Amino acid sequence: MASKEIIAQKEQLVSEVAEKISKAKSIVLVNHCGLTVEQDTALRAEMRKANVEYKVIKNSVLSRAFEKAGLTGLESVFNGPTAAAFSYDDAVAGAKIVADNGAKTKMLEIKGGVIENKPASAEDVKVLASIPPKPVLIGQLLGLLTSPMRSLAVAVSEVAKKQSA
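All figures in this text were calculated on a predicted structure; none of them were measured in a lab. (Residues numbered from 1 in each chain as written. Predicted model: local features only at pLDDT ≥ 70, side-chain atom pairs only at ≥ 80, totals over all residues. Heavy atoms only, no water.)

Colleague: Please give an account of the sheet that holds strand E5 (residues 118–120) that cites residues and values.
Modeller: By way of backbone hydrogen bonds, the strands of a sheet pair with one another, either parallel or antiparallel. Sheet architecture is open: 5 strands sit in the order E2-E3-E1-E4-E5, paired in antiparallel fashion. Every other strand in the sheet has two partners, leaving strand E2 (52–56) and E5 as the edge strands with one partner each. Strand-to-strand, the axes of this sheet are offset by a mean angle of 20 degrees, without reference to chain direction. Two strands pair when backbone bridges link them, and strand E1 (residues 26–31) and strand E4 (residues 109–115) are joined in this way by 6 bridges, in the antiparallel orientation. Across the sheet, the residue bridging to serine 26 is isoleucine 115, located in E4. Set on the sheet, helix H2 (residues 37–49) makes contact with E2 and strand E3 (83–87); between it and E2 the angle comes to about 145 degrees. Contacts from helix H4 (residues 93–105) reach E1, E2, E3 and E4 within the one sheet, and its direction differs from that of E1 by about 20 degrees. (Pairing = 2+ DSSP bridges. Helix = DSSP H or I, 4+ residues; strand = E, 2+ residues; numbered from the N terminus. Axes fitted to C-alpha atoms, helices over the stretch in contact; angles between N-to-C directions. Contact = heavy atoms within 4.5 Å.)

Colleague: Quick one: what's the story with the pairing of E1, residue by residue and with numbers?
Modeller: Here E1 lies mainly inside the structure; 6 of its 6 residues are buried. Side-chain alternation along E1 places Ser26, Val28 and Val30 on one buried face and Ile27, Leu29 and Asn31 on a second face that is also buried. Sheet analysis places E1 next to E3, joined by 5 bridges and oriented antiparallel. In the strand pairing of E3, valine 28 is matched with alanine 85. (Buried < 20%, exposed > 50% of the residue type's maximum accessible area, 1.4 Å probe, protein only.)

Colleague: So what's going on with the packing of aromatic side chains? Which residues, and what values?
Modeller: As enumerated under the stated definition, the model contains 1 aromatic pair in all. Residues phenylalanine 66 and phenylalanine 78 carry aromatic rings whose centres are separated by 5.6 Å and whose planes lie at 40 degrees to one another, so their mutual orientation is tilted. On the criterion of sequence distance, the pair formed by phenylalanine 66 in helix H3 (residues 59–68) and phenylalanine 78 in the loop between H3 and E3 is long-range, its members being 12 residues apart. Given the relative accessible area of 2%, phenylalanine 66 is considered buried. (Phe/Tyr/Trp six-rings, centres within 6.5 Å; stacked < 30°, edge-to-face > 60°.)

Colleague: Tell me about the side chain of serine 26, and name the residues and values.
Modeller: Tracing the backbone through its elements, the reader meets serine 26 in strand E1. Judged by relative accessible area, which is 1%, serine 26 ranks as buried. In terms of polar contacts, serine 26 uses its side chain to reach the backbone carbonyl oxygen of alanine 91, at 2.6 Å. Every residue in contact with serine 26, bar those within four places of it in the chain, is listed here: Ala85, Phe86, Ser87, Ala91, Val114, Ile115 and Leu128. (Polar contact = N/O pair within 3.5 Å; in protein donor to acceptor, adjacent residues only side chain to side chain.)

Colleague: Describe the pattern of salt bridges, and please don't skip the residues or the numbers.
Modeller: With the rule as written, the count across this model stands at 5 salt bridges. Residue lysine 23 pairs with glutamate 19 through a salt bridge whose shortest N-O separation is 3.1 Å. Highlighted residues: lysine 23 and glutamate 19, both in helix H1 (residues 4–23), separated by 4 residues, approximately one helical turn. Two residues, lysine 126 and glutamate 123, come together in a salt bridge whose shortest N-O distance is 3.8 Å. In this pair, lysine 126 and glutamate 123 are both assigned in helix H5 (residues 122–129), 3 residues apart and thus about one turn of the helix distant. Classification of lysine 126 by relative accessible area gives partly exposed; the value is 42%. (Salt bridge = Lys/Arg side-chain N within 4 Å of Asp/Glu carboxyl O.)

Colleague: Just give me the short version of H1, but keep the residues and values in it.
Modeller: Over its 20 residues, H1 extends 29 Å from the first C-alpha to the last, a length consistent with the 28 Å expected when each residue adds 1.5 Å. By the burial criterion, the buried members of H1 are Val14, Val17, Ala18 and Ile21. Take H1 and look down its axis: the buried residues cluster within an arc of 105 degrees, on one side only. Exposed side chains of H1 directed beyond 90 degrees from the buried face belong to Lys4, Glu5, Gln9 and Lys23. Structurally, H1 contributes buried residues whose contacts are with E1, H3 and E3. (Expected span 1.5 Å × (residues − 1). Arc of directions from axis to C-beta.)

Okay, here's the thing in structure tokens:
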């Protein structure tokens, strides 16, 4: 039987992970087996730059933490080695980094995740990863908004040139 200290430590760890789950905009659960130390170090460095917390966590702790956070439907994901990428600022960042590194190394397998506090399948996470970064989306939106104005300005300019000629 586990001592009271060990039980208290495990409960503390579950509470910490549950707090991370509730704060994150998205969470990507991934099988990380087969990564070399160099690949793992590069992955973690890229995650840190994007304010994504990447942790290898025992399945029993993850399962209890998700249950404590009120998220169900991911029970089938908690088998085999599991790492979690918690994205706090940009919901797309963790998924994009995992997908890009998975394509390069052929070692990262997306198991599932959470998007905006809703369980997501591996396919949902891959779709999330395909969304362009926020600055690119903002640029595209601004381009769409300025296009009609630019067309009007060109048309007015052409009319003015014809009248002055």
